[in-house]
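A closer look at the structure
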Amino acid sequence: MALLASLRRTGGIGLKRGGLFTREIQSFSLPELSYEYSALEPVISGEIMSLHHQKHHQAYVTNYNKALEQLEEASANKNSEAIVSLQSAVKFNGGGHINHSVFWKNLAPVKEGGGEAPNGGLAKAIDTQFGSLNALIVKMNAVGAALQGSGWVWLGLNKDLKSLIVETTPNQDPLVTKGLLPLLGIDVWEHAYYLQYKNVRPDYLKNIWKVINWKYAEGVYEEAAKP
Amino acid sequence: MMTLLQKPCFIQHMPLHTSISSTKMKGAVRKTWTNLLTVAQFGLKDPPYKLDALEPYISHRSLEVHWGKHHRGYLDNLNKQIEGTTLQGYTLEELIKVTYNNGNPMPAFSNAAQLILSRDLVTLLIWIHNSLLKMIWKRHKRFGTDMETQLKDWKQVWNHDFFWECMEPGGGKECTGEILEFIERDFKSYDMFLEEFKQAAATQFGSGWVWLVVKDRKLAVEKSTNAVNPLVWGHMPLLTLDVWEHSYYLDYQNRRADYISVFMDKLVSWEAVNCRLGRVKAFVNLREPAVPYT
C-alpha cells in the first residue's frame, strides 16, 4: 500500500540501465515570507497579507500542482485534447505562483529597507530612461490605476536592449509572456488592497512605494547585466 | 399586466438628471439635426431594495461600496464623457455595440454600457425619436474616436443595473415559471444548469461576469471577462452574477465558491428572470414556430 501511495506521487516507474527508477512529478510549494504579516502596516494590513499569502497564493500553488499532475497524465496517455485544454489552467495558476513569489520579495518592512530609493546601476538607468525615480513612480501608478479588471503592473527589463519598460499583464500572466525580466511587480487585483483601500486603487498604489524593496530589483538588474 | 409593471424590469426610473438639451456640435448640419435630439444624462438607478435588505448574505457595507462607489463611479465618468458629444442620445445597447467594435474594443468600451434604460414608454418614445434622427444624421456625421476612448465606464453601469435586479431580499426561492421550462429543455434539468452556472462562475479567471443568456433561440451559460456584456455577441442576458472580487471580497474574501452558492440559494430573483424572458420572447421565438415556414 505504501509503495502504491508513493508510486501515485511519482510519474510512474520504468526501466533504465541500472534498474528501476521513479519519475518525480515536480511539486511546487508556497514560499515563506521573510517578514511578519503585520510588518508592512500601515501600508498593507496584516489581514490582507495573511489572506493574500495563505489563501490566494496557496490556491495558485495547489491548483498549479493539480494542473501539472493532470498534464503529466494527459501526456502519458497522449491525450492531445486534454493537454491543450489544460494550458489555460497552467498559465493562470503557474503565473499566479510566479508573480506572487516575486511580489513577496518586492516588499520589505521599512526597518529592513522598504521604501529606500535604489542606487547603483538601476538608479542610473531609471534616471536616464525616465528622468527621475519620481517620474517612474508617477508613470507606474497611472498605468496601474488605469488597468481594467485584474492584473499586474511591472517594471521590466529588456535584457537585449538593456532598457527598462513599464508594462502591464492581465490576470496572472507572468511578465515573461511579454519577453521581459521582472524587476518590480505590483499586484492590482482587488484582493491585494480591497479590505483596506476598497475601490480606491490609486491610494494603494501611492502608498505601496513606502514598502517597496529596491534591493531586490537592484540585485536582479546587476545579475542580468553580467555577460 | 398591471402586476408585470411592478416587476423590477418595468420599474419606471427616470434618470435623476433628465434634461432636454441640444448637444453642442460643430458644423451647421449637425446643429440642425442635434437641436432636435432629445438627450438625457444617465442617473444612478437605485437597486430595487434597501442596501441592507440582502443581509446576511451580502452585507450593507458591501452594497454601500459596490453600488455607492463602484457603480456610481462608472456612472459619473459616463456622464462626464458623453456630455456635448455625438454619442449623447445613443441608447446604451447601441453604445455597447459601437464601442465594442467587433472584438477590438475601443478604450471606451470598458466603461461602456453599464447603465440600462428602463423599458418604459417615455424612454421608448425618446429612443424612436432619436433613432429616426440618427438614421439621417449618420450620413453627415463622423465618429470621433476621441469620444469613444473616454467612454470606459458604460458597460459596467449597464451590468450593475442588471445585476441588482437579479437579486431580491428573501430570494433563492425555487425556480418556477416559464424559465424552468426552458432550463429543463436546454440543460436537461435544473441541477445540471446550476452545476454549469456555478462552474462557469468559479472558473472565470480574473474579473468578469457569468450569464444566463438566450443564444440562438436557446438558453446558455456564458462567462465574460472584465466588463464585456453578451449584448455585443448578439445574445440576450436573463441573469448575471458579478464575479469581480469587489463584489464579494468584504463578505467572503477569497471564498468565491461560497458567494456563488449563496447567490443561487438565497438571493437570485427568478421573478426578474421570468420577467426578462417575457421581454425576450417579444424579439425571439424560443419555440418551434406554430406556423411552419413555407
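Here goes a summary of the coordinates provided. (Residues numbered from 1 in each chain as written. Chains lettered and ligands numbered in written order. Predicted model: local features only at pLDDT ≥ 70, side-chain atom pairs only at ≥ 80, totals over all residues. Heavy atoms only, no water.)

1. With respect to helix α6 (residues 133-146) of chain A
All names here are of chain A. As a reminder of what qualifies: Helix numbers and strand numbers start at the N terminus; a helix is a DSSP run of H or I with at least 4 residues, a strand a run of E with at least 2. Given a helix with a known number of residues, its expected span is that number minus one, times 1.5 Å. For every residue, the accessible area obtained with a 1.4 Å probe (protein chains only) is divided by the maximum for its type, and the residue is called buried under 20%, exposed over 50%, and partly exposed between those limits. Here, the arc refers to the directions that run from the helix axis to the C-beta atoms.
Between the first and last C-alpha of α6 there are 20 Å, a value that for 14 residues agrees with the 20 Å anticipated at 1.5 Å per step. Buried within α6 are the following residues: L136, I137, M140, N141 and G144. Take α6 and look down its axis: the buried residues cluster within an arc of 130 degrees, on one side only. Seen from the buried face of α6, the exposed residues on the opposite side, beyond 90 degrees, are N134, V138 and A146.

2. Some points on the pattern of salt bridges
We count it as follows: The working definition used for a salt bridge is a side-chain nitrogen of Lys or Arg within 4 Å of a carboxyl oxygen of Asp or Glu.
Within this structure, the stated rule accounts for 13 salt bridges over all chains. Here the salt bridges share partners, and the residues they tie into one network are E178, E181, K281 and R287 of chain B.

3. So, the interface of chain A and chain B
We count it as follows: By the convention used here, residues are in contact when the closest approach between their heavy atoms is within 4.5 Å. Summed over both partners, buried area is the accessible surface (1.4 Å probe) that two parts give up on being assembled. In this classification, the charged set is Asp, Glu, Lys and Arg, the nonpolar set is Ala, Val, Leu, Ile, Met, Phe, Trp, Tyr, Cys and Pro, and all remaining amino acids, among them Gly, are polar.
Facing the 17 residues of chain A at the interface are 17 residues of chain B. For the pair chain A and chain B, the summed buried area comes to about 1700 Å², and 57% of that belongs to carbon and sulfur atoms. Three residues, Q148, E190 and Y194 of chain A, lead the burial of chain A against chain B; their summed loss comes to 33% of the area buried on that side. Elements that contribute at least two residues to the side of chain A that touches chain B include exactly α2 (46-76), α4 (87-106) and α7 (194-197) of chain A. When the residues that make up the side of chain A that touches chain B are grouped by side-chain class, the tally is 6 nonpolar, 8 polar and 3 charged.

4. Observations concerning the sheet that holds strand β2 (residues 218-225) of chain B
Residue and element names in this part refer to chain B. Quick note on the threshold: In short, DSSP must find at least two bridges between two strands for them to pair. Axis lines are fitted to C-alpha atoms, over the contacting stretch for helices. Their N-to-C directions set the angle, which ranges from 0 to 180 degrees.
Spatially, 3 strands are ordered β2-β1-β3 in an open sheet, and the strand pairing comes out antiparallel. Edge positions in the sheet fall to β2 and β3 (236-242), since each of these pairs with one other strand and no more. Shown here is a sheet whose adjacent strand axes are inclined to one another by a mean of 20 degrees, direction ignored. Here 6 bridges tie strand β1 (residues 208-215) to β3, and the two strands are oriented antiparallel to one another. Across the sheet, V213 pairs through a bridge with P237, a residue of β3. Its contacts with the sheet place helix α8 (residues 178-187) against β1, β2 and β3, and it is angled at close to 85 degrees to β2.

5. Structural notes on unusual backbone geometry
For the peptide bond that leads from E41 of chain A to P42 of chain A, omega is 0 degrees, which places it in the cis range. Residue P56 of chain B is bonded to the preceding E55 of chain B through a cis peptide linkage, with omega at -5 degrees. The topology assignment puts P56 of chain B in the loop between α2 (28-34) and α3 (60-82). A positive phi angle is found at K162 of chain A, which is not glycine, with a value near 55 degrees. Under the relative-accessibility criterion, K162 of chain A is labelled partly exposed at 49%.

6. Some words on the layout of surface pockets
Note the cut-off: Only protein atoms enter the 1 Å grid, on which a cavity is a set of points fitting a 1.4 Å probe that cannot get out and a pocket is an open set with protein on both sides within 12 Å along at least 5 of 7 lines, lining residues being those with an atom within 4 Å of a point. Grid points are joined across faces, edges and corners, and a volume is the space filled by probe spheres set on the points.
Taken as a whole, the second largest pocket encloses approximately 680 Å³ of empty space. In terms of lining residues, the second largest pocket is bounded by 25 residues, among which N63, F92 and N93 of chain A together with A202 and F205 of chain B are the most central. Among the secondary structure elements, those contributing two or more residues to the lining of the second largest pocket are α2 and α4 of chain A together with α11 (256-267) of chain B. Ranked by residues supplied to the lining of the second largest pocket, first place goes to α2 of chain A with 8 residues. Broken down by class, the residue content of the lining of the second largest pocket amounts to 10 nonpolar, 9 polar and 6 charged.

7. Here we look at the packing of α6 of chain A against helix α8 (residues 201-208) of chain A
Residue and element names in this part refer to chain A. The following threshold applies: Any angle between 65 and 115 degrees counts as roughly perpendicular, while under 35 counts as roughly parallel, over 145 as roughly antiparallel, and the rest as oblique. Crossings are classed by handedness, with left-handed meaning an anticlockwise turn of the near helix from the far one by less than a right angle and right-handed meaning a clockwise turn.
Axis separation between α6 and α8 bottoms out at 9 Å; the angle between their running directions is 150 degrees. Between α6 and α8, the crossing angle belongs to the class labelled roughly antiparallel. For the element pair α6 and α8, the recorded crossing hand is right-handed. Every residue of α8 that contacts α6 at N141, G144 and A145 is listed here: R201, P202, L205 and K206. In terms of residue class, the contact of α6 with α8 is built from 3 nonpolar, 2 polar and 2 charged.

8. Some details on the side chain of N99 of chain A
Residues and elements named next belong to chain A. Tracing the chain through its elements places N99 in helix α4. You can call N99 buried: its relative accessible area is 1%. Leaving out residues up to four positions away in the same chain, N99 has contacts with W152, W154, Q172, D173, P174 and L175.

9. Section: the packing of aromatic side chains
All names here are of chain B. Note the threshold: Any two rings among Phe, Tyr and Trp, with Trp reduced to its six-membered ring, count as a pair given centres within 6.5 Å; such a pair is stacked if its planes are under 30 degrees apart, edge-to-face if over 60, and tilted if neither.
Overall, the coordinates contain 24 aromatic pairs over all chains when judged by the stated rule. Note on F162 and W211: the rings are 6.1 Å apart at their centroids and 45 degrees apart in plane angle, and the pair reads as tilted. Of this pair, F162 sits in helix α7 (residues 154-165) while W211 sits in strand β1, and the two are 49 residues apart along the sequence. With a relative accessible area of 3%, F162 lands in the buried category. A residue is classified by how much of its surface remains accessible, and W211, at 0% relative accessible area, is buried. A centroid spacing of 5.8 Å and a plane angle of 55 degrees characterise the contact between Y190 and F193, whose relative ring orientation is tilted.

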